[in-house]
Amino acid sequence: MSAFSGNDDLKALIRTIPDFPKPGIQFRDITSLLLDGAGFSVCIDRLVTVAEPLRLDLIAAVEARGFLFGAALAKALGVGILPIRKPGKLPGTPVGVDYALEYGTDRLEMHAHDLQPATRVLIVDDLIATGGTVLATAELIRNHGGVVAGALFVIDLPDLGGAARLRDAGVETHSLIAFEGD
Ligand code: AMP
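All values reported here derive from a predicted model rather than from experimental measurement. (Residues numbered from 1 in each chain as written. Predicted model: local features only at pLDDT ≥ 70, side-chain atom pairs only at ≥ 80, totals over all residues. Heavy atoms only, no water.)

> Account for the layout of surface pockets, naming residues and giving values.
Its volume calculated, the largest pocket comes out at about 1,100 Å³. Taken together, 33 residues make up the lining of the largest pocket; nearest its centre are Arg65, Leu127, Ala129, Thr130 and Thr133. Elements with a contribution of two residues or more to the lining of the largest pocket: strand S2 (26–29), strand S5 (94–100), strand S6 (105–111), strand S7 (120–128) and helix H5 (132–143). Per-element tally for the lining of the largest pocket: the top contributor is S7, with 4 residues. Grouping the amino acids of the lining of the largest pocket by side-chain chemistry returns 16 nonpolar, 6 polar and 11 charged. (1 Å grid on protein atoms, 1.4 Å probe; cavity = no way out; pocket = protein on both sides within 12 Å on 5 of 7 lines; lining within 4 Å. Points joined across faces, edges and corners; volume = space filled by probe spheres on them. Helix = DSSP H or I, 4+ residues; strand = E, 2+ residues; numbered from the N terminus. Nonpolar A, V, L, I, M, F, W, Y, C, P; charged D, E, K, R; others polar.)

> Describe the site of the ligand, naming the residues involved and giving the relevant values.
Close to the ligand lie 15 residues, the nearest being Asp126, Ala129, Thr130, Gly131 and Thr133. Contact between the ligand and Thr130: an oxygen atom at 2.5 Å from a side-chain N or O atom of the residue. At 3.4 Å, a backbone N or O of Gly132 approaches an oxygen atom of the ligand. Across the complex, the protein chains shield 80% of the 490 Å² of accessible surface that the ligand would expose by itself. (Near = heavy atom within 4 Å. Polar contact = N/O pair within 3.5 Å; in protein donor to acceptor, adjacent residues only side chain to side chain. Areas by Shrake-Rupley, 256 points an atom, 1.4 Å probe, with all protein chains shown as cover.)

> Quick rundown of H5? Include the residues and the values.
Here H5 contains 12 residues, and its C-alpha end-to-end distance of 16 Å stays within 8% of the 16 Å for a straight helix at 1.5 Å per residue. All of the buried residues in H5 are Gly132, Val134, Ala136, Thr137, Ala138, Leu140 and Ile141. Two residues or fewer past H5, Gly145 is found with a positive phi of approximately 95 degrees. (Expected span 1.5 Å × (residues − 1). Buried < 20%, exposed > 50% of the residue type's maximum accessible area, 1.4 Å probe, protein only.)

> I'd like a description of the nonpolar core, backed by residues and values.
Counting residues in hydrophobic clusters, the biggest one holds 27 residues, and the most contacted among them are Leu47, Phe69 and Leu73. Mapped by element, the contributors of at least two residues to this core are helix H3 (37–51), helix H4 (65–77), S7, strand S8 (147–156) and strand S9 (173–178). Not counting chain neighbours up to four residues away, the residues in contact with Leu73 comprise Ile44, Leu47, Val48, Ala51, Ile59, Leu122, Val124 and Leu152. Of all hydrophobic cores here, the second largest spans 25 residues; its members include Ala112, Val134, Phe153 and Leu166. (Core = buried A, V, L, I, M, F, W, Y, C linked by side-chain atoms within 4.5 Å. Contact = heavy atoms within 4.5 Å.)

This is how it looks when you write it as structure tokens:
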């Protein structure tokens, strides 16, 4: 796990909403960062600095907040985007992976045949909590011929153990900001 030491400026732009979507959750809200043009721009610049050495061919952006950061990062790096979508959204032939939630299961999908063999893919999302979403994304990419070049987040909640789980699964994990104690 890598984190910039100088990202307190970005951290100050993340709004915290207690007890959303349920009691006890400290919701780390990136909409306040998105509203700040200079802050969003600096955030993308720093994501670029982390991503550049990873020799990636493609960004996999996770619906929905991952699209915002993934698209800006892809433009800056000159690479394409593979949207990782909730079920039933893709118009072509989907392939998917089911994964466990606290209660029940969920599913993520991508278009079949979108990955050339050995394509190096960087997974991008706004935040890593338990890591379930991105572990499922990594499985989907690997099952369809891709190589996971790493995973990149604006925010890590280290107490929830997601980055450690990703590391155990062989996914190099990076983030700009950590909120300890969540
Ligand atoms: P997880 O699969 O547990 O790593 O959850 C990651 C997804 O849930 C990310 O797409 C986040 O946007 C969202 N999420 C989980 N916990 C929080 C939180 N405390 N604040 C904001 N978003 C969260």
